[in-house]
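Survey of secondary and tertiary structure
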Amino acid sequence: MTEENSPVPQHIAIIMDGNGRWAKQRHQPRFMGHRAGVKAVENIIKHCVEREVSVLSLFAFSSENWKRPTKEVSLLMELFSVALKQQVKRLHKNNIRLNVIGDIGKFSNSLQKQIRQSEQITENNTGLQVNIAANYGGRWDITQSVQALAEKVKNGKLNPEDITEENISEGLSTSDVPEPDLFIRTGGEQRVSNFLLWQLAYTEFFFTDTLWPDFDSKGLDTAISSFSDRERRYGKTSEQVQGVEDA
Ligand code: IPE
Ligand code: IPE
Ligand code: MG
């Protein structure tokens, strides 16, 4: 089996959707769903460590989520801060590296500081890397990478024809990790909602109706097992991938 077709995904990216509906089903405010969602995050991180996944990227807050009611946005910010405070020690103890991706300059100064500190505490850890996508948008990510290249062109350090897929990739916020092998979206919607657009080019997709707070180790195992049954061809024929070429 080639590395490209390994049974366990090295990088899993998840759109954690369905918190609001989970709360609504229980006649609770949406915020309670987000709170329950944090518990699910804890669980899924633990399970990724057990399954020896290398990178877990979680979509926590999109560039578009600012459009939500002000009250919900501010509660989400508060929850993010509280969760960071509560979880960092445990993550560090478990050799997990925490990394926040997204345009964090839009957050309050204190939250930005807290994010940077949490990243610093865990930066030398060698176990699972957890990327939290906060104020993240796939289009933002590509734009900021291309802007950096344009700056180099402007300063005469790069020719326009030397703009390549490789150097665009190198400028993305996930340039330190391989592209996701498996993409999971909970909550029943089947769309990408501006998550890792560039990086998902050859990722395997898995959708489930399970609402995020209910997503557990069993659900993750189902997704991993679906992934391991697939043949990733990257444009080639099945025969080529299996090494039995017949033209
Ligand atoms: C995902 O759950 C969490 C965030 C976007 C912050 P939602 O809040 O989108 O839950 P639904 O989709 O309304 O159920
Ligand atoms: C995507 O969920 C963003 C996160 C889970 C953070 P949304 O609930 O915001 O996506 P749409 O609006 O249904 O596409
Ligand atoms: Mg949603």
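Structure's up top.
A short tour of the structure in this document, coming up. (Residues numbered from 1 in each chain as written. Chains lettered and ligands numbered in written order. Predicted model: local features only at pLDDT ≥ 70, side-chain atom pairs only at ≥ 80, totals over all residues. Heavy atoms only, no water.)

**With respect to helix 4 (residues 109-122)**
The periodicity of an α-helix, 3.6 residues per turn, causes residues three or four places apart in sequence to face the same way. Definition in use: Numbering of helices and strands runs from the N terminus; a helix is a DSSP stretch of H or I covering at least four residues, while a strand is a stretch of E covering at least two. Under the convention used throughout, the expected extent of a helix is 1.5 Å for every residue step, that is, one less than its residue count. Exposure classes here rest on a 1.4 Å probe applied to the protein chains alone. A residue is buried below 20% of its type maximum, exposed above 50%, and partly exposed in between. For this quantity, the arc is that covered by the directions from the helix axis to the C-beta atoms. The contact rule is simple, with two residues in contact once any of their heavy atoms fall within 4.5 Å.
With 14 residues, helix 4 extends 20 Å from end C-alpha to end C-alpha; this agrees with the ideal 20 Å at 1.5 Å per step. Listed in full, the buried residues belonging to helix 4 are Leu111, Gln112, Gln114, Ile115, Ser118, Glu119 and Thr122. For helix 4, the buried positions fall inside an angular range of 165° around the axis, keeping them on one side. In this structure, helix 4 carries Asn109, Ser110 and Gln120 as exposed residues pointing more than 90 degrees from its buried face. Buried-residue contacts for helix 4 involve helix 3 (70-93) and strand 3 (97-101).

**Comments concerning unusual backbone geometry**
A positive phi is found at Glu52, a non-glycine position, where the angle reads about 60°. With respect to the helices and strands, Glu52 occurs in the loop between helix 2 (30-50) and strand 2 (55-62). On the basis of relative accessibility, which here comes to 64%, the residue Glu52 falls in the exposed class. Despite not being glycine, Tyr234 shows a phi value in the positive range, around 45°. Mapped onto the fold, Tyr234 is located in the loop between helix 7 (217-228) and helix 8 (238-242).

**Points about helix 5 (residues 138-154)**
Along its 17 residues, helix 5 runs 24 Å from first to last C-alpha, staying within 8% of the 24 Å computed at 1.5 Å per residue. If you check which residues of helix 5 are buried, you get Gly138, Asp141, Ser145 and Leu149. Burial along helix 5 is one-sided: seen end-on, the buried residues are contained in an arc of 75°. For helix 5, the exposed residues lying more than 90 degrees away from the buried face are Arg139, Gln147 and Lys154. Where helix 5 is buried, its residues meet strand 4 (129-136) and helix 6 (165-170).

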